[in-house]
Amino acid sequence: MSFLRNEPSDWQFDPDAAYIPIYHKGNLVGFFKQEYANEITKFLNEEEVLKKALKKACTDLLKKTGSDTSKVNHLIQKYIKISERPKFGTRAIALLLQERQKELDLNNQEFTKFCDTFKISPTELNNIYAGEIIDDSLLAPISRVLGISKERVQEVRDGAETE
């Protein structure tokens, strides 16, 4: 680790400037207002540490399983992909439902009953959580539970972006 050898962090800033120059490994990459510079460099340095840790963990995993360590980047991408918040599809709808449950402060049984009053049966709810395809007939009930439009639920389910 660089702080043990008194090496500079990868990301740095000069606190004496009006617009703070940001450096990455000694190369100027941009300027920011002082109130943002410290937070930005802190975040970016933490991200670098996490990337290094992920690479080390994946390399160790490949070594322990006797796999080809040259596939470390593929394994890293796999873990990043499964760790990202789903934007579309059934997994995204399931996540929205879980967030709605937390928002309403309901336990699983209470939320299941809540959904059932909006015409999403416990079986259908379990199927959504299991990742099964969501039928068109559930779009309106899901929209009522989530408090968003039926069209937006369909866009999330089908993968359409509205930006």
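This section reports on the structure supplied with the text.

1. Re the environment of Glu-124
- Residue placement: Glu-124 occurs in helix α5 (residues 122-129).
- For Glu-124, a relative accessible area of 27% puts it in the partly exposed group.
- Each C-alpha atom of the pair Glu-124 and Leu-138 lies 8.6 Å from the other, and the pair is 14 residues apart in sequence.
- With residues near it in sequence (within four places) discarded, Glu-124 still touches Lys-119 and Leu-138.

2. Quick word on helix α1 (residues 34-64)
- Across its 31 residues, α1 extends 46 Å between first and last C-alpha, which sits within 8% of the 45 Å expected from 1.5 Å per residue.
- Where α1 is concerned, the buried positions are Ala-37, Thr-41, Leu-44, Asn-45, Glu-48, Cys-58, Thr-59 and Leu-62.

3. What to know about the sheet that holds strand β1 (residues 11-13)
- An order of β1-β2-β3 is seen for the three strands of this open sheet, with the pairing classed as antiparallel. What marks the edges here is a single partner per strand, and that holds for β1 and β3 (27-33). The average angle at which neighbouring strand axes cross in this sheet is 30 degrees, direction not considered.
- Across three bridges, the pairing between β1 and strand β2 (residues 19-24) is antiparallel. Bridge pairing links Gln-12 to Tyr-23 in β2.

4. A word on the pattern of salt bridges
- What the rule picks out here adds up to six salt bridges.
- A salt bridge links Arg-85 to Glu-99; the nearest nitrogen and oxygen atoms lie 2.6 Å apart. Of this pair, Arg-85 sits in the loop between α2 (72-83) and α3 (90-104) while Glu-99 is found in helix α3, placing the two residues 14 residues apart along the sequence.
- We classify Arg-85 as partly exposed; its relative accessible area is 47%.
- When its relative accessible area of 33% is taken as the criterion, Glu-99 is described as partly exposed.
- In this structure, the salt-bridge partner of Asp-136 is Arg-157, at a minimum N-O distance of 2.6 Å. Taken together, the residues span a long stretch of sequence, with Asp-136 in the loop between α5 and α6 (139-146) and Arg-157 in helix α7 (residues 150-158) at a distance of 21 residues.
- By relative accessible area, which is 15% here, Arg-157 ends up buried.
- Linked by salt bridges that have partners in common, Asp-136, Arg-157 and Asp-158 make up one network.

5. Digging into α7
- For α7, the complete set of buried residues consists of Val-153, Val-156 and Arg-157. The buried residues of α7 occupy an angular sector of 100 degrees when projected down its axis, which confines them to one face.
- Here the buried face of α7 lies against α3 and α6.

6. Digging into the environment of Asn-108
- Its place among the elements puts Asn-108 in helix α4 (residues 108-117).
- Note on Asn-108: relative accessible area 58%, which makes it exposed.
- When the C-alpha positions of Asn-108 and Thr-123 are compared, they lie 13 Å apart, and in sequence the two are 15 residues distant.

7. A few points about the packing of aromatic side chains
- Applying the stated criterion across every chain, the model contains two aromatic pairs.
- With 6.0 Å between their ring centres and 25 degrees between their planes, Phe-111 and Phe-114 make a pair best called stacked. One end of the pair is Phe-111 and the other is Phe-114, both in helix α4 and three residues apart, which spans about a single turn.
- For the pair Phe-114 and Phe-118, a centre-to-centre distance of 4.9 Å together with 65 degrees between the ring planes defines the contact as edge-to-face.
- Judged by relative accessible area, which is 22%, Phe-114 ranks as partly exposed.
- Taken together, the ring pairs connect Phe-111, Phe-114 and Phe-118 into an aromatic cluster.

Cut-offs and rules
Residues numbered from 1 in each chain as written. Predicted model: local features only at pLDDT ≥ 70, side-chain atom pairs only at ≥ 80, totals over all residues. Heavy atoms only, no water. Helix = DSSP H or I, 4+ residues; strand = E, 2+ residues; numbered from the N terminus. Buried < 20%, exposed > 50% of the residue type's maximum accessible area, 1.4 Å probe, protein only. Contact = heavy atoms within 4.5 Å. Expected span 1.5 Å × (residues − 1). Pairing = 2+ DSSP bridges. Axes fitted to C-alpha atoms, helices over the stretch in contact; angles between N-to-C directions. Salt bridge = Lys/Arg side-chain N within 4 Å of Asp/Glu carboxyl O. Arc of directions from axis to C-beta. Phe/Tyr/Trp six-rings, centres within 6.5 Å; stacked < 30°, edge-to-face > 60°.

From the geometry alone we can't say anything about function, so treat these as descriptive.
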